[in-house]
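For reference, the chains in residue letters:
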Amino acid sequence: MYRVLNQRFDADGRTAAQGNIDMAWVGRALKLPFFALPPPKSLDRNDFASLKLGDISPADGAATLTAFTAEAIARIVPLLPKEPKSWIICGGGARNHTMMRMLRERLAPAAVQAADTLGWASDAIEAQAFGFLAARGLKGLPLSYPATTGVPIPMTGGVIARP
């Protein structure tokens, strides 16, 4: 969005709502080995650096990447021990109406709702999680467990830098 339209994000998913999804691209992107791995697993945005949309319009690009994100989330369902009955979405994606619509379509019959509808501070959840992890780190308690991230044993993490 920033590189092409000088916008920090797709406000309310309006750009994606105007585009056409390149389902062939989404299918190719979902062939990355990560999506077939059972949990626990994790990745970051750099894991997708090799994926290039090619020469398509900004609206089609936004629609395609939004669909990819929704489908990537939906791909976890068959790998879970039990299918979730509800999903709570937080952060910017919860304000993206196109993303929320796509998630509702792909995760049905489960309910999909924004964290704000539960009275949670959607934009603060990540900061709160890191605060919680920092407090655990200060006490020398584990931050990561085999069942959640695949580490071999419960592990602490981080470095405390005091002034």
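Residues numbered from 1 in each chain as written. Predicted model: local features only at pLDDT ≥ 70, side-chain atom pairs only at ≥ 80, totals over all residues. Heavy atoms only, no water.

1. Topic: helix α6 (residues 125-138)
- The end-to-end C-alpha separation of α6 is 20 Å, in line with the 20 Å expected for 14 residues at 1.5 Å each.
- The first or second residue beyond α6 is G140, which carries a positive phi of 75°. (Helix = DSSP H or I, 4+ residues; strand = E, 2+ residues; numbered from the N terminus. Expected span 1.5 Å × (residues − 1).)

2. Quick notes on the pattern of salt bridges
- Here the structure, examined in full by the defined rule, presents six salt bridges.
- Two residues, E105 and R101, come together in a salt bridge whose shortest N-O distance is 3.1 Å. With E105 and R101 both in helix α5 (residues 97-107) and four residues apart, the pair spans about one turn of that helix.
- The partly exposed category is assigned to E105, whose relative accessible area is 48%.
- Exposure remark for R101: the relative accessible area of 39% places this residue in the partly exposed category.
- What emerges from the salt-bridge pattern is a single network uniting E71, R75, R101, E105 and R106. (Salt bridge = Lys/Arg side-chain N within 4 Å of Asp/Glu carboxyl O. Buried < 20%, exposed > 50% of the residue type's maximum accessible area, 1.4 Å probe, protein only.)

3. Observations regarding unusual backbone geometry
- In the segment running from P39 into P40, the intervening peptide bond is cis, with an omega of 0°.
- The residue P40 is located in the loop between α3 (23-29) and α4 (58-74) in this model.
- Here the amide bond leading from A108 into P109 is cis, since omega sits at 15°, within 30 degrees of zero.
- For P109, the location among the structural elements is in the loop between α5 and β2 (111-114).
- In this structure, D12 is a non-glycine residue whose phi angle is positive, near 60°.
- Along the polypeptide, D12 turns up in the loop between α1 (2-5) and α2 (14-18).

4. Regarding the pairing of strand β1 (residues 86-89)
- Going residue by residue along β1, you find W87 and I89 tucked away on one face and S86 and I88 left uncovered on the opposite face.
- Of the pairings in the sheet, the one linking β1 to β2 comprises four bridges and is parallel in character. Its bridge partner being in β2, W87 is matched across the sheet by V112.
- The parallel pair β1 and β2, bridged by α5, forms a crossover whose chirality is right-handed. (Pairing = 2+ DSSP bridges. Right-handed = clockwise from strand over helix to strand, strands pointing away.)

5. A short note on a nonpolar patch on the surface
- Taken together, I88, L118 and W120 make up a surface patch of nonpolar side chains, about 270 Å² in accessible area.
- By secondary structure assignment, the location of L118 is in the loop between β2 and α6.
- Relative accessible area serves as the criterion here: at 39%, L118 is assigned to the partly exposed category. (Patch = residues over 30% accessible without salt bridge, like charges linked within 9 Å, V, L, I, M, F, W, Y side chains within 5 Å. Areas by Shrake-Rupley, 256 points an atom, 1.4 Å probe, with all protein chains shown as cover.)

Geometric values such as these leave the question of function open.
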